[in-house]
Amino acid sequence: MKALFCLGAILVILPLFLILFDLLIKGGKELKLTLLIDLPHPVGEPGGGIANGIAGTFVVTLLTMLWSVPTAVLCGIYLAEYGKGKFASAVRFAADTMTGVPSIIMGIFGYILLVLPMKRFSAWAGAAALSMIFIPVVVRTTEEMLRTVPTTVREAALALGIARWKATLRITVRTVWPGILTGILLAMARILGETAPLLFTALGNQFWQTRLDQPMAAVPLQVFTYAISPYEDWHDKAWAGALVLITMVLLINIAARVLTREKR
Amino acid sequence: MARKTGGNIKDLLFERTTGAFAFLVLFLAVLLFAVLLRESIPALRKFGAAFLVTGTWDPVLEKFGALPFIYGTLVSSFLAILIAVPLSVGAAIFINEFAPPWMKTPVSFLAELLAAIPSVIYGLWGIFVLVPVLRDVFMKPVTKYLGWVPLFKGPVYGPSMLAAGVLLSIMIVPFILSVSREVLATVPQRQKEAVLSLGGTRWEMLRIVIGQHCLPGIFGATILGLGRALGETMAVTMVIGNRPEALLSLFQPGYSMAAVIANEFTEAVGDVYLSSLVLIGLILFAMTFAVNLAAKWILSKMVARASRGI
């Protein structure tokens, strides 16, 4: 019986190694410097890279976080410190609901809200769609983290005559800041790899793009386009792009976990 | 909560500011729902409830029905559950009850990494590794000998409902595993010891304790995994075959709700076409909403029971 359970555990973990192994073998073959610094080349032309996608991914992720981090953290603070009434329950329910919404639907949201009125695909729309994924996750982790701070700590601060807002920011939030940061990093790793919300918001781009109101390339989009294309050399590019993507995602994941471990 | 004593303008301001951002989050959720509803009205007007049970998807004649997509989403998700639940529950029992303590952290760490892999990478791996292997090792032999069973009818192409189900099962395992482990951990130690002290074997202890205590929780974990599977987009789009037909055979290509939105949204010309795709999105939204709510309800009841120590 034990052997059967053990087999279950092995089968559960096995795909991780299979996927990482294939990524290393098939993606490693194409992993050259040109991949990281060149623009995509047309089919059949050797070389070429995904540099614009890497840049685009960073830009869209940064754009998302610029307004989503403060929004989510402040909302989390409200829920943890003042969130007792019906309004707070409604906000919690809203965040929970959004967490469960499939990411493709956030793409529809970005499309209708920004692409239709602006009449073009843009980095803005991509960031709007990604925020809808980022915000609810960080709201809930921030609140959960703050709730682990004992009430006695808050009371001690207030008893010393520190104003409540200052006590919240300087003591309560600071105590669990590494935990909140971990939540932010994990959410960032998640939106870094999201493809579905970008399909019809940021759309993708073959070239460099510095304007945020224009279609923007992203690594996950490139992996998708290359993977479903009929060309052999594009398939290799898809594997290489996937290797770059997974490296970024896993590094951030591991960094986030190391951060919480050091706290303890 | 705001105290009215001196110097508390700033406190009030802080509460109001954070409150405003909380309101913004609530507003975004309402806006999301409103936007989906508004944009799906043209399709709702034109097709009504028949949209759910109509099997045609014809952009040229502007005749749309969601049946093949709803069918594909449900079948691939149930297939995923069927594979993932026994594996994850078995793995959870092994990690919690049998594994040496040093193994627990690395295994749960690896499972979390599995959950962190982007969906498009699962899809890539699915296209080039999983689908060929499934086709040659499983589907071809099975259809050769059992092809008369409607579920296994050929011809075998590769991309299929089965491929989508298997890939989805790999993707939802980490979620079911972690919730199952939490559920198993709620069993009071003294209950396990009671069974063992009465002369029960470890296996009997597990059977009694899990049967009595953990079934609702594991059911909750299953529903949670189902919620994940229903909305999964990229991986499914890449391996399901994308044929808008509801076929009984698991070896045939199918289509899912998320996949049709992903594939056709940018090329949807005309209000009715676009609106029909948004309506599919709204139905998907409603489905995942209901499923997640059910999972939360079951699991919170479980936690409440555990905290009472029953």
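The shown structure was predicted, so the numbers you read here are calculated from the model rather than taken from an experiment.

Novice: Is there a simple way to explain the overall build of chain B in this structure?
Specialist: Of regular secondary structure, chain B possesses 10 helices and 2 strands. Moving toward the C terminus, one meets the helices and strands of chain B in the order α-β-β-α-α-α-α-α-α-α-α-α. Dimensions of chain B, computed from C-alpha atoms along their principal axes, come out at roughly 70 × 65 × 35 Å. Taken across its 310 residues, chain B has 48% of its residues classed as buried. Look at the contacts in chain B between residues 6 or more apart in sequence, and 76% of them connect residues 24 or more apart.

Novice: Would you mind showing me how to read the overall build of chain A here?
Specialist: When its secondary structure is counted, chain A shows 11 helices and 0 strands. The N-to-C order of helical and strand elements in chain A reads α-α-α-α-α-α-α-α-α-α-α. Over its C-alpha atoms, taken along the principal directions, chain A stretches across nearly 70 × 60 × 35 Å. The buried share of chain A, taken over its 264 residues, is 54%. The long-range share in chain A, meaning contacts at least 24 apart out of those at least 6 apart in sequence, stands at 71%.

Novice: When you look at the packing of helix α3 (residues 51–81) of chain A against helix α1 (residues 9–47) of chain B in this model, what are you seeing that I'm missing?
Specialist: Relative orientation and spacing of two packed helices are given, respectively, by the angle between their axes and the distance between those axes. Viewed as axis vectors pointing N to C, α3(A) and α1(B) meet at an angle of 110°, and their least axial separation amounts to 8 Å. Between α3(A) and α1(B), the angle falls in the class roughly perpendicular. The interaxial crossing formed by α3(A) with α1(B) has left-handed handedness. Across the interface between the two elements, A:Thr71, A:Leu74, A:Cys75, A:Ile77, A:Tyr78 and A:Leu79 from α3(A) touch B:Thr17, B:Thr18, B:Gly19, B:Phe21, B:Ala22, B:Leu24 and B:Val25 from α1(B).

Novice: Where do I start with the interface of chain B and chain A in this structure?
Specialist: Bring the parts together and some accessible area is lost; that lost area is often taken as the interface size. Facing 66 residues of chain B, the contacting portion of chain A comprises 63 residues. Residue contributions to the side of chain B that touches chain A peak at 18 residues, all from α1(B). By residue class, the composition of the side of chain B that touches chain A is 47 nonpolar, 15 polar and 4 charged.

Novice: Can you help me understand the nonpolar core in this one?
Specialist: Among soluble globular proteins, nonpolar side chains are generally buried collectively. Judged by nonpolar contacts, the single largest core of 191 residues is most densely connected at B:Val25 and B:Leu167. The element that contributes the greatest number of residues to this core is helix α5 (residues 161–185) of chain B, accounting for 17 residues. Residue contacts for B:Val25: discarding those within four places in its chain leaves A:Thr71, A:Cys75, A:Val91, A:Ala94, A:Ala95, A:Ile135 and A:Val139.

Novice: Can you help me understand helix α10 (residues 219–228) of chain A in this one?
Specialist: Working note: α-helix, 3.6 residues per turn, so residues spaced by three or four point in the same direction. With respect to burial, α10(A) is a largely interior element, 9 of its 10 residues being buried. For α10(A), the set of buried residues is A:Val219, A:Pro220, A:Leu221, A:Gln222, A:Val223, A:Phe224, A:Thr225, A:Tyr226 and A:Ala227.

Novice: Please explain unusual backbone geometry as it appears in this structure.
Specialist: Note: most peptide bonds trans; most residues except glycine with negative phi. Here A:Leu203, not a glycine, exhibits a phi torsion of approximately 70°, which is positive. Within the fold, A:Leu203 resides in the loop between α9 (177–192) and α10. Phi at B:Glu62 takes a positive value of approximately 55°, unusual for a residue other than glycine. Along the chain, B:Glu62 turns up in the loop between β1 (57–58) and β2 (63–64).

Novice: Is there a simple way to think about the packing of helix α3 (residues 101–116) of chain B against α5(B) in this case?
Specialist: All names here are of chain B. It is the contact of α3 with α5, at a shortest axis distance of 8 Å, that shows an interaxial angle of 140°. Of the possible angle classes, the one that applies to α3 and α5 is oblique. α3 and α5 meet at a crossing whose hand is left-handed. Counting all contacts with α3, which are made through Ala111, Glu112, Leu114 and Ala115, the residues of α5 involved are Val173, Pro174, Phe175, Leu177 and Ser178.

Novice: Can you walk me through α1(B) in this structure?
Specialist: Residue and element names in this part refer to chain B. Taking 1.5 Å of rise per residue, 39 residues should cover 57 Å, and α1 covers 56 Å from first to last C-alpha, within 8% of that figure. Where α1 bends most, the angle comes to about 45°, and this point is Ile41, followed within four residues by the proline Pro42. Within two residues after α1, Gly48 carries a phi angle of roughly 60°, on the positive side.

Novice: Teacher, can you tell me more about the confidence of the model for chain B here?
Specialist: The predicted structure's coordinates, where accompanied by low pLDDT, should not be read in detail. With 96% of its residues at a pLDDT of at least 70, chain B reaches an overall mean of 91. The ipTM value of the predicted complex is 0.94, and its pTM value is 0.93.

Novice: Would you take a moment to explain the environment of B:Val75 for this structure?
Specialist: Residues and elements named next belong to chain B. Mapped onto the elements, Val75 comes out in helix α2 (residues 67–98). Separated by 122 residues in the primary sequence, Val75 and Ser197 place their C-alpha atoms 45 Å from one another. Each residue touching Val75, except ones within four places of it in the same chain, is listed here: Met161 and Gly254.

Novice: Honestly, the environment of B:Glu193 in this entry has me stumped. Any pointers?
Specialist: On the secondary structure map, B:Glu193 appears in helix α6 (residues 189–197). In sequence terms B:Glu193 and B:Met205 are 12 residues apart; their C-alpha atoms lie 8.4 Å from each other.

Novice: What is the right way to read the environment of A:Gly126 from this model?
Specialist: Residues and elements named next belong to chain A. Residue position: Gly126 is located in helix α6 (residues 123–147). We classify Gly126 as buried; it has 36 C-beta atoms within 10 Å. Sequence spacing of Gly126 and Gly183 is 57 residues, and the spatial spacing of their C-alpha atoms is 21 Å. Other than its neighbours up to four places away in sequence, Gly126 contacts Val60, Gly110, Leu198, Thr201, Ala202 and Met216.

Basis of the calculations
Residues numbered from 1 in each chain as written. Chains lettered and ligands numbered in written order. Predicted model: local features only at pLDDT ≥ 70, side-chain atom pairs only at ≥ 80, totals over all residues. Helix = DSSP H or I, 4+ residues; strand = E, 2+ residues; numbered from the N terminus. Buried ≥ 20, exposed ≤ 12 C-beta atoms within 10 Å, placed from the backbone. Contact = placed C-beta atoms within 7 Å. Axes fitted to C-alpha atoms, helices over the stretch in contact; angles between N-to-C directions. Parallel < 35°, antiparallel > 145°, perpendicular 65-115°, else oblique. Left-handed = near helix turned anticlockwise from the far one by under 90°. Nonpolar A, V, L, I, M, F, W, Y, C, P; charged D, E, K, R; others polar. Core = buried A, V, L, I, M, F, W, Y, C linked by C-beta atoms within 7 Å. Expected span 1.5 Å × (residues − 1). Bend = angle between axes of the 7 residues up to and from the residue. pLDDT = per-residue confidence, 0-100.

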